[in-house]
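# Working through the structure, step by step
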Protein chains: 4
Amino acid sequence: MTGISTARSLQLNRLRRIEGQVRGIARMVEQDQNCIDVLTQVSAASRALQSVALALVDEHINTCLLDAAHDADSQRQVRLKEASAAIARLVRS
Amino acid sequence: MTGISTARSLQLNRLRRIEGQVRGIARMVEQDQNCIDVLTQVSAASRALQSVALALVDEHINTCLLDAAHDADSQRQVRLKEASAAIARLVRS
Amino acid sequence: MTGISTARSLQLNRLRRIEGQVRGIARMVEQDQNCIDVLTQVSAASRALQSVALALVDEHINTCLLDAAHDADSQRQVRLKEASAAIARLVRS
Amino acid sequence: MTGISTARSLQLNRLRRIEGQVRGIARMVEQDQNCIDVLTQVSAASRALQSVALALVDEHINTCLLDAAHDADSQRQVRLKEASAAIARLVRS
């Protein structure tokens with residue numbers, strides 16, 4: 001038993017791959033490779049990070065926000081404000 | 001002599017920091033930390049990658065695109081198309 | 001009595017302003033104005049649309065998602081999937 | 001002869017359509033329609049604005065930036081800085 005859910009290990013795989021992508025981009029910059037090629041890799045890493053973020057939003061909506069419905073009023077306000085602010089930061093990033 | 005320009009080493013520093021951020025996010029996911037906190041770190045890493053991308057665009061405009069003005073017509077078309085496509089991928093990522 | 005809430009009329013004001021911005025951009029294009037200036041106006045209109053979207057997400061989280069907690073299981077699944085998909089489209093747009 | 005190029009009239013068509021989309025979104029808000037549906041329309045309008053922006057970037061790269069190669073040094077610096085800054089605002093919007 002690993003104790004890590006499938007969704008969790010999918011996210012970890014994505015993050016390991018992104019870490020490798022970023023390391024690869026650093027290597028390209030060191031080797032002074034064509035900047036269009038570097039830019040293409042940066043866009044790919046950004047999209048991959050976005051997928052991690054959207055999976056987190058999905059998970060959050062399906063767990064925390066539903067739990068919030070059963071919270072006391074003041075606690076619920078805090079949770080919903082936090083979720084809304086985090087999504088706003090993501091959309092603006 | 002390192003042979004690496006200041007702009008280059010600034011980019012490398014940024015990329016090392018992003019690599020560390022992504023590793024930190026993986027650790028947060030493993031430790032099952034609050035998903036809003038994870039999401040906030042993902043947004044920060046995305047913004048940092050965006051800064052790397054914008055520095056590449058800036059460098060590209062200041063070097064390659066100016067060089068393109070002196071290329072033969074057909075070669076210039078290729079270069080400009082590539083630049084435009086790379087910026088489009090970035091904006092859409 | 002207008003029957004329209006403050007949040008609602010704030011959104012309508014934003015949308016009227018964006019409509020005016022888009023009309024202004026069309027005029028700039030017709031008058032063949034400097035493309036950097038046009039691009040700056042397009043970015044401003046995009047950011048304004050983003051604010052409308054984020055206010056909608058905030059409203060949705062505070063009303064529909066909380067209601068979903070009291071829905072029957074199957075109906076709740078549908079609602080949460082819809083919300084998640086709409087946020088994903090927004091983040092990717 | 002209208003004096004308006006095909007690219008120009010394509011942009012104007014896009015902008016008229018976006019203006020209509022934004023007006024449609026305002027109507028949906030007034031009629032208190034489902035916020036997921038409104039959000040979907042806002043994302044579509046954002047993507048359409050993005051296409052207008054990318055066509056402007058493309059046009060700019062193919063005309064102004066090439067012209068810049070023949071400018072005096074100081075004037076060229078100004079132009080390239082402006083282009084870079086406008087693309088950065090777009091990527092961040």
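Scroll up for the structure.
Scope of this entry: the structure provided in the associated data block. (Residues numbered from 1 in each chain as written. Chains lettered and ligands numbered in written order. Predicted model: local features only at pLDDT ≥ 70, side-chain atom pairs only at ≥ 80, totals over all residues. Heavy atoms only, no water.)

## Brief notes about the interface of chain C and chain A
Residue-level contacts link 20 residues of chain C with 20 residues of chain A. For the pair chain C and chain A, the summed buried area comes to about 1900 Å², and 71% of that belongs to carbon and sulfur atoms. Our enumeration of links across chain C and chain A arrives at zero salt bridges. The interface formed by chain C and chain A holds two residue pairs in polar contact (both at pLDDT 80 or more) in total. Of all elements in the fold, only α2 (35-62), α3 (64-68) and α4 (73-92) of chain C reach the threshold of two or more residues within the side of chain C that touches chain A. Ranked by residues supplied to the side of chain C that touches chain A, first place goes to α4 of chain C with nine residues. Tallied by class, residues from the side of chain C that touches chain A come to 13 nonpolar, four polar and three charged. (Contact = heavy atoms within 4.5 Å. Buried area = accessible area lost by both parts, 1.4 Å probe. Salt bridge = Lys/Arg side-chain N within 4 Å of Asp/Glu carboxyl O. Polar contact = N/O pair within 3.5 Å; in protein donor to acceptor, adjacent residues only side chain to side chain. Helix = DSSP H or I, 4+ residues; strand = E, 2+ residues; numbered from the N terminus. Nonpolar A, V, L, I, M, F, W, Y, C, P; charged D, E, K, R; others polar.)

## Concerning the pattern of salt bridges
Here the idea is simple: oppositely charged side chains can pair when their charged atoms come close. Applying the stated rule across the entire model yields 28 salt bridges over all chains. The salt bridge partner of D32 of chain A is R8 of chain B, with a shortest N-O separation of 2.2 Å. Of the two residues, D32 of chain A is situated in the loop between α1 (6-30) and α2 (35-62) and R8 of chain B in helix α1 (residues 6-30); the pairing between them involves two chains. Of the residues examined, R8 of chain B reaches a relative accessible area of 15% and is grouped as buried. Between R79 of chain B and D71 of chain B there is a salt bridge; the shortest N-O distance is 2.8 Å. A single salt-bridge network, built from bridges that share partners, covers E19 and R23 of chain A together with E19 and R23 of chain B. (Buried < 20%, exposed > 50% of the residue type's maximum accessible area, 1.4 Å probe, protein only.)

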